[in-house]
Amino acid sequence: MTFETLVFYFLASILLFAGLRVVTARHPVHAALFLVLSFFTAAGLWLLLEAEFLAITLVLVYIGAVMVLFLFVVMMLNLNIEKMRQGFWDNLPLAAFIGIMMAIEMTLVLTVVGRSVVTNPESHAAGYSNTKELGRLLYTDYVYPFELAAVILLVAIVAAIAITLRRRPGTKHQDPAWQVSVKREDRVRLISMPAEKKGE
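Residues numbered from 1 in each chain as written. Predicted model: local features only at pLDDT ≥ 70, side-chain atom pairs only at ≥ 80, totals over all residues. Heavy atoms only, no water.

- Naming follows an unreviewed UniProt entry, where the protein chain appears as NADH-quinone oxidoreductase subunit J of Sulfuricella denitrificans.
- UniProt annotates the protein chain under Function (unreviewed entry) with the comment "NDH-1 shuttles electrons from NADH, via FMN and iron-sulfur (Fe-S) centers, to quinones in the respiratory chain. Couples the redox reaction to proton translocation (for every two electrons transferred, four hydrogen ions are translocated across the cytoplasmic membrane), and thus conserves the redox energy in a proton gradient."
- The Sequence similarities (unreviewed entry) comment attached to the protein chain in UniProt states, word for word, "Belongs to the complex I subunit 6 family." (UniProt positions renumbered as here; feature names shortened; annotations may be inferred.)

Okay, here's the thing in structure tokens:
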């Protein structure tokens, strides 16, 4: 067993543990932090596959930006965790069935398709750039799925903003339209008072 294989199994075990804790953690902030750990170990697996650009993108974009946004939204929403977990055990059989089916599908893909994949790929030339190759594939063969993923992410961003803009009791809100349309007579009232004389 080579050193790269040991590193792969080490990172894969951490990734599986972190992914399991994302689903089973009771507090959403803890789940988000375990998701950060899973992203970081997945970046290590990308490095083992010589996909340095994808690894650094995973660290910078997902850990550095997306997860910070997730934590910010989770902390702003003030979620009622007990209410969210009320139907957990009712949905567990369906979720377990779907998880088992996904595991069987992944096993079939790895065993059947893995036989036709070259296990020892040829080393690339010195001037090879996986970033250039990724860009060529992304904007030629996979341009429509790329655009579809962008639209889905845009819908998710709009939905997250709409969730944070809900009305909560006991909070103060501003109405810019009412503030702009107000007139001077509505705010200031001039009162005519007789002048006071000294000694009265």
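Quick notes on the side chain of serine 38
Thought 1: Inspection of the secondary structure assignment puts serine 38 in helix α2 (residues 28-48).
Thought 2: Relative accessible area serves as the criterion here: at 6%, serine 38 is assigned to the buried category.
Thought 3: Within the structure, serine 38 has its side chain in polar contact with the backbone oxygen of leucine 35 (distance 2.6 Å).
Thought 4: Once residues within four sequence positions are removed from consideration, serine 38 is found in contact with Leu15, Ala18 and Gly19. (Helix = DSSP H or I, 4+ residues; strand = E, 2+ residues; numbered from the N terminus. Buried < 20%, exposed > 50% of the residue type's maximum accessible area, 1.4 Å probe, protein only. Polar contact = N/O pair within 3.5 Å; in protein donor to acceptor, adjacent residues only side chain to side chain. Contact = heavy atoms within 4.5 Å.)

Section: the pattern of salt bridges
Thought 1: Enumeration according to the criterion identifies 1 salt bridge in this entry.
Thought 2: Here arginine 136 ties to glutamate 133 by a salt bridge, and the two come within 2.7 Å at their closest N and O atoms. On the criterion of helical spacing, the pair formed by arginine 136 and glutamate 133 is a turn pair, its members being 3 residues apart in helix α6 (residues 130-138).
Thought 3: On the basis of relative accessibility, which here comes to 42%, the residue arginine 136 falls in the partly exposed class.
Thought 4: Residue classification places glutamate 133 among the partly exposed residues on the basis of a relative accessible area of 28%. (Salt bridge = Lys/Arg side-chain N within 4 Å of Asp/Glu carboxyl O.)

Looking at the environment of isoleucine 63
Thought 1: Looking at where isoleucine 63 falls in the secondary structure, it is placed in helix α3 (residues 52-77).
Thought 2: The buried category is assigned to isoleucine 63, whose relative accessible area is 17%.
Thought 3: Isoleucine 63 sits 23 residues away from phenylalanine 40 along the chain, and the two C-alpha atoms are 7.6 Å apart.
Thought 4: In contact with isoleucine 63, not counting residues within four places along its chain, are Val36, Phe39, Phe40, Leu58 and Val68.

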